Amino acid sequence: MKKLVLLGALALSVLSLPTFADEKPVKIGIEAAYPPFASKAPDGSIVGFDYDIGNALCEEMKVKCVWVEQEFDGLIPALKVRKIDAILSSMSITEDRKKSVDFTNKYYNTPARLVMKAGTQVSDGLAELKGKNIGVQRGSIHERFAREVLAPLGAEIKPYGSQNEIYLDVAAGRLDGTVADATLLDDGFLKTDAGKGFAFVGPAFTDVNYFGDGVGIAVRKGDALKDKINAAIAAIRANGKYKQIQDKYFAFDIYGK
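What counts, and at which threshold
- Residues numbered from 1 in each chain as written.
- Predicted model: local features only at pLDDT ≥ 70, side-chain atom pairs only at ≥ 80, totals over all residues.
- Heavy atoms only, no water.
- Helix = DSSP H or I, 4+ residues; strand = E, 2+ residues; numbered from the N terminus.
- Buried < 20%, exposed > 50% of the residue type's maximum accessible area, 1.4 Å probe, protein only.
- Pairing = 2+ DSSP bridges.
- Axes fitted to C-alpha atoms, helices over the stretch in contact; angles between N-to-C directions.
- Right-handed = clockwise from strand over helix to strand, strands pointing away.
- Core = buried A, V, L, I, M, F, W, Y, C linked by side-chain atoms within 4.5 Å.
- Contact = heavy atoms within 4.5 Å.
- Disulfide = S-S within 2.5 Å.
- Salt bridge = Lys/Arg side-chain N within 4 Å of Asp/Glu carboxyl O.

> Where do I start with the side chain of Ser90 in this structure?
Here Ser90 shows up in strand S5 (residues 86-92). According to the relative accessible area criterion, Ser90 is buried, its value standing at 8%.

> Sorry, what's going on with the sheet that holds strand S7 (residues 112-117) here?
The strands that make up a sheet are held in pairs by hydrogen bonds between backbone atoms, and each pair lies either parallel or antiparallel. On the basis of which strands lie adjacent, the open sheet formed by five strands has the order S9-S8-S10-S7-S11 and mixed pairing. The outermost strands of the open sheet, each flanked by one partner alone, are strand S9 (156-160) and strand S11 (198-205). Each adjacent strand pair in this sheet contributes to an overall mean axis angle of 30°, direction not counted. Bridge count between S7 and strand S10 (residues 177-181): five bridges; the pairing is antiparallel. When the sheet's bridge partners are listed, Leu114 is paired in S10 with Val179.

> Which parts of the structure should I look at to understand the pairing of strand S8 (residues 133-137)?
On any regular strand, side chains alternate: one points to one face of the sheet, the next to the other face. Burial within S8 is extensive, with four of its five residues counted as buried. As a crossover connection, the stretch from S8 through helix H5 (residues 141-150) into S9 is right-handed. Summarising the sheet, S8 and S10 pair through two bridges and their orientation is parallel. Residue pairing in the sheet places Ile134 in a bridge with Gly177 of S10.

> How should the nonpolar core be read in this particular structure?
Across soluble globular proteins, nonpolar side chains have a tendency to be buried as a group. Among the nonpolar cores identified, the biggest contains 46 residues, and Phe49, Leu57 and Tyr107 are the most heavily contacted of them. Once you skip the residues sitting within four places of it in the chain, Leu57 turns out to touch Leu88, Ile217, Ile229, Ala232, Ile233 and Ile236. By size, the runner-up hydrophobic cluster in this structure holds 19 residues, among which are Ile134, Ile141, Ala155 and Ile157.

> Where do I start with the state of the cysteines in this structure?
Every disulfide links exactly two cysteines, by a covalent bond between their sulfur atoms. Inspection of every chain in the model, using the stated rule, returns one disulfide. Through a disulfide, Cys58 is tied to Cys65; the S-S separation comes to 1.8 Å. Linking Cys58 and Cys65, the disulfide has an S-S dihedral of approximately -95° and is accordingly described as left-handed. For Cys58, a relative accessible area of 5% corresponds to the buried category.

> It is not clear to me how the pattern of salt bridges should be interpreted in this structure. Could you clarify?
Between side chains of opposite charge, a pair can form as their charged atoms come close. Inspection of every chain in the model, using the stated rule, returns 13 salt bridges. Glu148 serves as the salt-bridge partner of Arg144, at 3.3 Å between the closest nitrogen and oxygen. One end of the pair, Arg144, and the other, Glu148, are both in helix H5, four residues apart, so they sit about a helical turn from each other. A residue is classified by how much of its surface remains accessible, and Arg144, at 32% relative accessible area, is partly exposed.

Structure follows, in structure tokens:
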């Protein structure tokens, strides 16, 4: 009788295990070269705001997530061929990208800025950029903005595989500047030794035609994962987990309006 009771209890415990234990892991694509959002620690592990937010969302959804590193311009192709199930890599929600993928609600929103030598004067009309070499990350919204807005003004646009490569060439004088996310530029360059002597110049760039409605998580068209992630974003915003992660990296509300 005791054996039967024990077997019955074991059966109930198995049935009561979270259903996600039987589900396939969610593969999340990320480019780990975008501090403070995602970068590599000395031991080779991924760290950053995007990474922590992703893990919090997976915990909220009760799913196992596997991180897959990929260069930024290869993330959407990797999603479409099912190498990954979602992109959580500071990808802005734009109309052009929505033709290829579905986006969740935003999980943060910051403007783009231009960084050049401190003291460089750049007016709102940006005429001073004529003849200047401006580095942009290949495949980013900043590359499209630079090519369509800055290049017609005479700026020479130089695409790079990663923002870290751009920082090296800006610091070495091989580039006159770079345009990228303001928070990325501040934490990843201006606050570092390499960024001494450089500063934000010109206006903040917020045109929704280029910079969209904030940064979201991309999934394949029609994937129900979108709704699950949206619910998880709302949950961590409500339970304080989002703010806990935000305060680890930023001294302001990065979620935006």
